Amino acid sequence: MMTMLTGFLRRLSFLFRRRRHVKLGLYGPPNSGKTTLANRICKDWIGEEMGIASRIPHETREVVIKEKIEMKSRGRFLSFNLVDTPGIATKIDYEDFLKYNMSAKDAKQRAKEATKGVIEAIKWLDDMDSVIVVLDSTKDPYSQVNLTIIGNLAARDIPVLVVGNKVDVRSSNLRRIQNAFPQYNIIGISALRGKNIEAFYEALFKLVR
Amino acid sequence: MLTLQFIPRAEVEHLPSSSRIRRLLALVKEDKIVLLEGRLSPTEETELIQRTMEDVSKDFKGIELCTIYPGSSHNDNLISKLRHSLIGFLLGDRQGLTVIGPATIIKEIRRDPNKVQVITESIRRRKRRNSRR
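Quick caveat, the model's predicted, so the values are computed rather than measured.

Scoring rules and cut-offs
- Residues numbered from 1 in each chain as written.
- Chains lettered and ligands numbered in written order.
- Predicted model: local features only at pLDDT ≥ 70, side-chain atom pairs only at ≥ 80, totals over all residues.
- Heavy atoms only, no water.
- Pairing = 2+ DSSP bridges.
- Helix = DSSP H or I, 4+ residues; strand = E, 2+ residues; numbered from the N terminus.
- 1 Å grid on protein atoms, 1.4 Å probe; cavity = no way out; pocket = protein on both sides within 12 Å on 5 of 7 lines; lining within 4 Å.
- Points joined across faces, edges and corners; volume = space filled by probe spheres on them.
- Contact = heavy atoms within 4.5 Å.
- Buried area = accessible area lost by both parts, 1.4 Å probe.
- Salt bridge = Lys/Arg side-chain N within 4 Å of Asp/Glu carboxyl O.
- Buried < 20%, exposed > 50% of the residue type's maximum accessible area, 1.4 Å probe, protein only.
- Axes fitted to C-alpha atoms, helices over the stretch in contact; angles between N-to-C directions.
- Parallel < 35°, antiparallel > 145°, perpendicular 65-115°, else oblique.
- Left-handed = near helix turned anticlockwise from the far one by under 90°.
- Nonpolar A, V, L, I, M, F, W, Y, C, P; charged D, E, K, R; others polar.
- Core = buried A, V, L, I, M, F, W, Y, C linked by side-chain atoms within 4.5 Å.
- Phe/Tyr/Trp six-rings, centres within 6.5 Å; stacked < 30°, edge-to-face > 60°.
- Lys NZ or Arg CZ within 6 Å of the ring centre and 35° of its normal.

Undergrad: I'd love a proper account of the sheet that holds strand S6 (residues 187-188) of chain A, names of residues and values included.
TA: Residues and elements named next belong to chain A. In space, the six strands of this open sheet follow the order S2-S3-S1-S4-S5-S6, with mixed pairing throughout. Of all the strands in the sheet, just strand S2 (64-73) and S6 have a single pairing partner and so form its edges. Inspection of the sheet shows strand S1 (residues 22-27) paired to strand S3 (residues 76-84) by five bridges, in the parallel sense. When the sheet's bridge partners are listed, valine 22 is paired in S3 with phenylalanine 80.

Have a look at this one:
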């Protein structure tokens, strides 16, 4: 009788788990490759891209959601809504965009939208079930933005996967990220070239349960 | 002239988070580099970034922020880790130092595990930038 009841409850919880769509967020500083990674995940599992990636910072200025991404591998199944967020920054100067041959009017507009994007990204933190923090492995990992994002996720008890992106670039240094965040197992990838992406998906299966 | 203002923890401890952040941001907007005794909580840090973004304007480009916190390192032995935990328990957020400054003055804060470098923009360059606008 007890075994039957336990089995019934397990099946019931499985049904609920299948119906619930986990929100998986992509967080990080601007230009770390969040959208490139989102595109890689979407292309690999649903065959279409999610957004436009650019070398100009703050290309993603609104939260973008791709619903019901399903991953299947070696008998395992994972279903989630992927949430690509604008890069979090502590300063935004429109003059920085002028370096990319942008008109002053466009640069000012971009800066205005970027500030709103940062606020939106922070507001979404509470809604996430799991988060992938995307860091640029060619940059200094000890920036306060990185520490604040990871500290916040830890304080909110949200499961985190830290990814060091751009490992295909010569100046990439994954060990620096590992030293900065020794409590996390850092996965080095190139979202653009798909390098080490299988190890990333393995880690994702462990992260989102 | 560069102004550094030290804020003892006791001065802001009694304030609710939002007032504390408003106070710090008001000082930064007066072109002061604020040295706060102790650290903000992770939630307060994000609230500070949020408020900063709300206030970004032609003259205020945002902030540079750095928290120096003497936490235990990965290589510490058990006694060191226990000592750090005990100090953390007794002092809480009073430990460490938070540096907050306007992005128009602080160009960059470089941090590695052993040192923090605050790189400021020269006043002459800042004036030249402002006159171009």
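Having seen the structure, we can now continue with the description.
Undergrad: So what's going on with the layout of surface pockets? Residues and values would help.
TA: What the largest pocket holds in volume is close to 1400 Å³. Lining of the largest pocket is provided by 44 residues; of these, Lys91 and Asp96 of chain A together with Glu64, Lys107 and Glu108 of chain B occupy positions nearest its centre.

Undergrad: Describe in detail the interface of chain B and chain A, supporting the description with residues and values.
TA: Much of the literature gives interface size as the accessible area that the parts lose upon coming together. On the chain A side, the residues contacting the 25 residues of chain B number 23 residues. Carbon and sulfur atoms supply 58% of the area buried between chain B and chain A, which totals about 2200 Å² over both sides. The three residues of chain B that bury the most area against chain A are Ile49, Met53 and Arg111 of chain B, which together make up 29% of that side's buried surface. Across the chain B-chain A interface, the total number found is two salt bridges.

Undergrad: Lay out the pattern of salt bridges with the relevant residues and their values.
TA: Summed over the entire model, instances satisfying the criterion amount to 19 salt bridges over all chains. Its salt-bridge partner being aspartate 126 of chain A, residue arginine 156 of chain A comes within 2.7 Å of it at the nearest N-O pair. With arginine 156 of chain A in the loop between helix H5 (144-155) and strand S5 (160-165) and aspartate 126 of chain A in the loop between helix H4 (104-124) and strand S4 (130-136), this residue pair connects regions lying 30 residues apart in the sequence. Looking at arginine 156 of chain A, the relative accessible area reads 24%, which means it is partly exposed. According to the relative accessible area criterion, aspartate 126 of chain A is exposed, its value standing at 57%. A salt bridge links glutamate 47 of chain B to arginine 51 of chain B, with the shortest nitrogen-to-oxygen separation between them at 4.0 Å. Of the two residues, glutamate 47 of chain B and arginine 51 of chain B both sit in helix H3 (residues 42-55), four residues apart, roughly one turn of that helix. Put simply, Arg74, Arg76 and Glu202 of chain A are held in one network by salt bridges that share partners.

Undergrad: Go over the packing of helix H2 (residues 17-29) of chain B against H3 of chain B with me, naming the residues and quoting the values.
TA: Residue and element names in this part refer to chain B. Viewed as axis vectors pointing N to C, H2 and H3 meet at an angle of 50°, and their least axial separation amounts to 10 Å. Between H2 and H3, the angle is such that the two are oblique. The handedness of the crossing between H2 and H3 comes out as right-handed. Mapping the contact onto sequence places Ser17, Ser18, Arg20, Ile21, Arg22, Leu25 and Lys29 in H2 and Glu44, Glu47, Leu48, Arg51, Thr52 and Asp55 in H3. Residues belonging to the contact of H2 with H3 are distributed by class as follows: three nonpolar, three polar and seven charged.

Undergrad: For the nonpolar core, give the residues involved together with the corresponding values.
TA: Counting residues in hydrophobic clusters, the biggest one holds 37 residues, and the most contacted among them are Tyr27, Ile88, Val133, Leu153, Val162 and Phe181 of chain A. Among the elements of the structure, helix H3 (94-98), H4, S4, H5, S5 and helix H6 (174-180) of chain A together with H3 of chain B are those that each provide at least two residues to this core. Broken down by element, this core gets its largest block of residues, eight residues, from H4 of chain A. Excluding residues that lie within four positions of it along the chain, tyrosine 27 of chain A makes contacts with Lys34, Thr85, Ile88, Ala121, Trp124, Leu125, Met128, Val131, Ile132, Val133, Val134 and Ile149 of chain A. Counting residues in each nonpolar core, the second largest holds 28 residues, with Met71, Val134, Ile189 and Leu207 of chain A among its members.

Undergrad: Now, about the packing of aromatic side chains: what can you tell me, with residues and values included?
TA: Under the counting rule described, the total for this entry stands at two aromatic pairs over all chains. With a centroid separation of 5.4 Å and 80° between ring planes, the pair formed by tryptophan 45 of chain A and tyrosine 201 of chain A is classed as edge-to-face. Of this pair, tryptophan 45 of chain A sits in helix H2 (residues 34-46) while tyrosine 201 of chain A sits in helix H7 (residues 197-207); the two residues are 156 residues apart in sequence, bridging distant segments of the chain. You can call tryptophan 45 of chain A partly exposed: its relative accessible area is 25%. Centre to centre, the rings of phenylalanine 200 of chain A and tyrosine 201 of chain A are 5.5 Å apart; their planes meet at 50°, and the pair counts as tilted. Accessibility expressed as a relative area gives 0% for phenylalanine 200 of chain A, which makes it buried. One aromatic cluster is present, built from ring pairs that chain together Trp45, Phe200 and Tyr201 of chain A. Lying over the aromatic face of tyrosine 94 of chain A, lysine 108 of chain A brings its terminal NZ or CZ to 5.1 Å of the ring centre. Positioned above the aromatic ring of phenylalanine 60 of chain B, the side-chain terminus of lysine 29 of chain B is 5.5 Å from the ring centre.

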